[in-house]
Structure formats: structure tokens, C-alpha cells
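Structural overview for review
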Amino acid sequence: MGVRGLQGFVGSTCPHICTVVNFKELAEHHRSKYPGCTPTIVVDAMCCLRYWYTPDSWICGGQWREYFSALRDFVKTFTAVGIKLIFFFDGMVEQDKRDEWVKRRLKNNREISRIFHYIKSHKEQPGRNMFFIPSGLAVFTRFALKTLGQETLCSLQEADYEVASYGLQHNCLGILGEDTDYLIYDTCPYFSISELCLESLDTIMLCREKLCESLGLCVADLPLLACLLGNDIIPEGMFESFRYKCLSSYTSVKENFDKKGNIILAVSDHISKVLHLYQGEKKLEELLPLGPNKALFYKGMASYLLPGQKSPWFFQKPKNVITLDKQVISMSSDPESRQEVPMCTDPESRQEAPMCTDPESRQEVSMCTDPESRQEVPMCTDPESRQEVPMCTGPESRQEVLMWTDSESRQEIIMYTGHESKQEVPVCTDPISKQEDSMCTHPEINQKLPIATDPEFKLICTNPEIKQEDPANMGLEIKQQVTMVSDTEILKVARAHHVQAESYLVYNIMSSGEIECSNTLEDELDQALPSQAFIYRPIRQRVYSLLLENCQDVASTCPAVKEWFVYPGNPLRHPDLVRPLQMTVPGGTPSLRILWLNQEPEIQVRRLDTLLACFNLASSREELQAVESPFQALCCLLIYLFVQVDTLCLEDLHAFIAQALCLQGKSTSQLVNLQEADSMSMTSGEDTSCPPGRV
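We now turn to the structure provided with this report. Because the structure is a prediction, the values reported are computed rather than measured. (Residues numbered from 1 in each chain as written. Predicted model: local features only at pLDDT ≥ 70, side-chain atom pairs only at ≥ 80, totals over all residues. Heavy atoms only, no water.)

Relative to the helices and strands, arginine 540 resides in helix α18 (residues 537–547). Here arginine 540 is in contact with Gln532, Ala533, Glu563 and Phe565, once residues within four sequence places are set aside. (Helix = DSSP H or I, 4+ residues; strand = E, 2+ residues; numbered from the N terminus. Contact = heavy atoms within 4.5 Å.)

Under the counting rule described, the total for this entry stands at 17 salt bridges. Across the salt bridge formed by glutamate 516 and arginine 98, the nearest N and O atoms sit 2.9 Å from each other. Residue glutamate 516 is located in strand β19 (residues 514–517), and its partner arginine 98 is located in helix α5 (residues 98–122); the two are separated by 418 residues in the primary sequence. Like glutamate 516, the residue arginine 98 is buried in the burial classification. Residue arginine 104 pairs with glutamate 100 through a salt bridge whose shortest N-O separation is 3.2 Å. (Salt bridge = Lys/Arg side-chain N within 4 Å of Asp/Glu carboxyl O. Buried < 20%, exposed > 50% of the residue type's maximum accessible area, 1.4 Å probe, protein only.)

So, on to the sheet that holds strand β7 (residues 202–206). Spatial ordering of the open sheet is given by β1-β7-β6-β5-β2-β3-β4, a layout of 7 strands whose pairing is mixed. Looking along the sheet, the strands with just one partner apiece sit at the ends: β1 (18–22) and β4 (151–154). Strand after strand, the sheet turns through a mean of 30° between neighbouring axes, direction not considered. For strand β5 (residues 174–177) and strand β6 (residues 190–192), the ladder comprises 3 bridges, and the chain directions are parallel. Paired with isoleucine 175 across the bridge in β6 is tyrosine 190. (Pairing = 2+ DSSP bridges. Axes fitted to C-alpha atoms, helices over the stretch in contact; angles between N-to-C directions.)

So, about unusual backbone geometry. Positive phi, normally seen in glycine, also occurs at lysine 123, with a value near 55°. Assignment of secondary structure puts lysine 123 in the loop between α5 and α6 (137–147). Judged by its relative accessible area of 62%, lysine 123 falls in the exposed class. Positive phi outside glycine occurs at asparagine 171, with the angle close to 50°. Within the secondary structure, asparagine 171 sits in the loop between α7 (159–169) and β5.

Judged by how many residues are buried, helix α14 (residues 294–302) sits mostly within the fold: 8 of 9 residues are covered. Within the span of α14, buried status applies to Lys294, Ala295, Phe297, Tyr298, Lys299, Gly300, Met301 and Ala302. Contact partners of the buried residues in α14: α10 (222–229) and α13 (284–287).

On to empty space enclosed by the protein, then. Vacant regions in the atomic arrangement are exposed by a probe of water-molecule size rolled over the atoms. Under the definition given, this model contains 5 cavities of 30 Å³ or more. Taken as a whole, the second largest cavity spans an internal volume of roughly 60 Å³. Looking at the lining of the second largest cavity residue by residue, the classes come out as 3 nonpolar, 2 polar and 4 charged. Each of domain 1 (1–92 + 124–213) and domain 2 (216–317) contributes no fewer than three residues to the lining of the second largest cavity. (1 Å grid on protein atoms, 1.4 Å probe; cavity = no way out; pocket = protein on both sides within 12 Å on 5 of 7 lines; lining within 4 Å. Points joined across faces, edges and corners; volume = space filled by probe spheres on them. Nonpolar A, V, L, I, M, F, W, Y, C, P; charged D, E, K, R; others polar. Domains from an automatic or database assignment.)

With that settled, consider a positive patch on the surface. Taken together, the side chains of Lys103, Lys107, Arg110 and Arg114 make up a positively charged region of the molecular surface. By secondary structure assignment, the location of lysine 107 is in helix α5. In this structure lysine 107 comes out as partly exposed when scored by relative accessible area, which is 47%. (Patch = residues over 30% accessible without salt bridge, like charges linked within 9 Å, V, L, I, M, F, W, Y side chains within 5 Å. Areas by Shrake-Rupley, 256 points an atom, 1.4 Å probe, with all protein chains shown as cover. Lys, Arg positive; Asp, Glu negative; His and termini not counted. Charge placed at Lys NZ, Arg CZ, Asp CG, Glu CD.)

Shown next as C-alpha cells:
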């Protein structure tokens, strides 16, 4: 996670960057400085799972009550000193980071193999040094925190960006996590969760200003440094030769520092003494060996720019003027900041530098590549609409402008023009601030703009000489972005549930049709027990049919859902394409509008019928209703498991039921001290709210 080598560098080479602080004292200072403002800490929850989960029996998992108690104590400690906590969870994997996600999952597979090898060799559970987070812990943690009344959010993009953005925009006390990217973002202070002493509320603050002082850089240089060192977007090997060149010419090599530490110092020295000389005069591609990776590099740089921020490393033309195929265009993304960044630097290179953002927008700022390759890279986005405006131009290529509107209509407008034709440039409007992100042409240019075809899609012409014409007369192609669900109201409901961490994977399925499942503790050498990815696939397929409502029609052709599921033997080179599976519900499959929006009492019966149909247990409805409600879900799961997995035996069934029945009423302290009958017993956990690990 984060910037390659930076965590070790901070710990060994620049320890003065780390300062011991006390949250109670920081909160008091914050209240005196900002009267009436509640001190708030943004928590990167995914970084905190290891801190929260402490049971020794981590292989078996299942210590739900103990874990819940630890979370309650964590929240209570901060609440007692008047600090509010906001928890963020990862909600998706961005396409640019899919390769890195796959790389980490394959690495985890190797770690899991070592765990099972240890168990078989030593007949005991390995120590904490081989710790691996129990399956499903992140999902259960969301609901535990919500049960504790905490504000819990799930990201619509990379979680660390949303954490950093929230911390900056809401003037938060700081960010609590364990990711060196938080040293790169120009946001509120960054605190380490691994160094937190909950009893005293002491921890370590990692100061980006002190880091800059040690490296001879300014805060605005840190994104450039991060990309040259390698991060989740830029592969570490991309600039390996460049880093070694910096090291070979670095005259202040510290003998007592390790190699990675000296490399970071050398690259920083090159930035401060060489690149700074040409800042604002030359483009980065003239100063760095970007080669074919320009677009990716600028996207990596821009990924650290929070709403309203700009980078001095993006080459800029004179104020309010940029050149696009020998035409002058004025551009700004915010009426207040009025930042100008070129979209096309010269007709020969056909390269575009990024476009800045509105202070309230969630920015993606990147470079376009050679127009001959027709590669599009987003330049401007909006937090609600996820609007992207990539532009590629060149005198010999036609101009292409791709524009998305709001998250409900998700409409794309693409314009194609030749270099001899009149330019067509749309203007995007921030739906929150209603301020124009205008791109105005020179008065001599007779430019065309399309008339909006969607009531929420506004293309604004700010030059009185620019004429608005019908899209039909200007080579404009209007198409709907491919989404899995066409009902915008239902999509909006799913999105809201996703953001509020009230659902899991549902919005990803409905919006992009692509989901992922990380590693679980599965023995790749155990051929008798199938992977959970296959065991639960029929349920997922029926859920897909329910969520993608047009798939309920036998005559319709329903697209497959892309599944990035980790299981033994899967190299993750591409996703599994899994098609929905029709299910039978008494009275017909209800629509999502009925299931989600209808509050009539009788709809609860249909919800139960639908749930049973997902497990293919409609015929067992009466028997299941005879069971006490807390155990109905357990019975559904056990019946399904024993139908799907023929290698499970009666003892396995007894173990599951014992967890549900025998441990009720026991306190957390009793459960902590509970002695296992067998060191590798599957019943070492507690109730089945949190499933045990697979051994």
C-alpha cells in the first residue's frame, strides 16, 4: 500500500518525521481554535482491521462477540474525550489499480500456502507473525460499527482519496490509518493506527512538512516523488533505471542508510536541484523518461490532487489562454480559482496536460495520449455525477470529446470532428454548485455547441458569438453508457445504500457488472473441499438475476457479470464471466421497486420468499418458519452448504449448531477464556454471526 519504500524510509532514515501526540490534547486544542466544531478523525477502516482483531485463535476466526466488544471499546474511548469518528471502507477497485490488486492477491495466496504448510507440519496454529485477516472481517466490521451508531461510509472510488478529501474539506483533526499515501496528500494530519495506545490515546503523527524539510522538497513536490518511486498506479519498475541514474549522480550518499533510503534521497535531490530549474518552463515529458507511459504517469500525479488543488508540475500557458490546433481557448474549472492548464501543448507532440477542477468536485486529472491510439484519459470529474471529460486533439486526427452527465442518466455525448471542421467543445456544469466549468472560444472561432437532450445535462455557451445548433446537424452521437440496470431511481437507491455501507457489492453489480472477492483461508492442496467461490456461485447467480431485472425475462439476453474471485488455481489474468441464473419465486419474481421501495406489511412475505429462492429453498418454507427467527438464516445456510458440499459430515453439522446454541448467554470475558477441546477445533470461535475460517 502507498509509496514504495517510504514507510521503511520514514522509520529508519527520518525518524524525526514521527512525533508522539495525544488525541485528547489535540482535541482540546482543536476546540479552542475552532469553537463549536467537533474534533473529527477520519478512520481508514481497512488499515485498522489488524489493530482491532486481536484473538490468538485467528485461524478459526469466529470471535464475533469479542471482536464487537473491541470495536465498542475503541469507539467509547474516543467518544469519552469528545472526538467524533468517521469510518471509510473500500467500495470498489479502480481499473487502473486492478493489476496491483491482482498482484497482492497472488502474494496473499503464497502466504496462505505457508500457513497451511505450517499447520500440517507442526499440528498447531502459527503465531501472530503469520497473521492473516479472517475471511469476511471487513464486511462484518461495517455492520458492527453501524450497530454502534457510528457514521460508516463506503467509497465510490479509491478509499484513501475519499478519506483524504473528507479530512481536508471538513477541517478534520486528522486521518487515522496506515498508508504512506496519506503523507503525499496535502490534507489534514496523518496518524498511525499501529502505534496507537488506546488506554492513553497516544500515537505517532507523521508530518509531511518535516518529510519535505528532510528531502529538500515542498508539499506540492510529493506527488511527483511518489510516482517516481512507484505507487498503486505507477509500477515500481517503470522508473527503476531512472532512480539508479539519480543514485549514481547523487553526491551525498549516506553510508549508514540502506539502498532504498539513499534512492529516495537521490530522487528527491534530483527533483529539487534539476527539475525545479525548469518548473513551469518545460513539460515533464521533456525532463523525465516517460516514453509511452505519459498518460499513466500524469494520472498517477493527478490522483493525489484533492478538490480545489493544483500542481505546479503541470505545464501552464499564459493565464486564461491555451492553444488547441492553432486556436485560442480560454478555460477554467472554477470561477474562483481560475486555474489554467493546457489541454494540448503543441500539434506535433499531440499531448495534453491536465485540466483542473472545481473545489467541490472530485478530481481525476490526467493526460491524453497520442490521438492516433484513440486512448482516452479522464480530465475532470464531479463527485456526484462522476463526470469525465477526456479530450484528444491533433491536426491530422479528428477531435473526440467524451462527456458523462449525472449518475442517474449516465449519458455519454461524443463528438467527432475533422481538423478542417469547426471545433465542437462542450461545457460541463457542476450539479452541486451550479457553476459553469466553461471553455470559451476565441471570438473569431465560429464554434458549435450541442443543445442538451437530457433535462439534467447542461451544455453552456458563454461566448455570445457561439451558436447553439441541433446535435443532428453537427455529427453528434448520443448514446447511453452501458450500465447493467436502466432504472435510474433504483440505481440511485443502490448507490445510496452503497455509500452508507448498508449493502455489499450490490451497486457494483448494477452499475458496472464487475465485482471482486479477496483471499480466503483455503488450502489449495485440499481437493476434497471446493472453494467458497464455487460453493456460493449459484446464490450469486440468482442474486444477479434479481438485481439485473431484464434478466428475469426468459427471452432476454442478459450480460454476464465479471467476477474477480480468488480461488486455488485461478491466475486472475481475466475475470470469470458468470451469467445470471433464473429462480422461481411463488407469485413471480418481484421487482426491486417492490422489494426496496414498497413498505406495505404484506411485502415482507415476498421478501422472505425471494430470499429462500436465492438459496433454492422455496420448498422448505414451512419447515424454516417453524424455527425461531434468529436461527432461520443459519438453517438456510446449513441446508445450502450440505447440499452443495458432499464431503461435509455429521460432525461438521454438530459443530456449526453448537456454536449457535451452546455459547448463548456467555459474556465476552467467559468466551475469551474458553478453553478449546482441540487446538485446531473448528468450534474455537463463538456464534455464527462471523463465519469461522476454513481449516
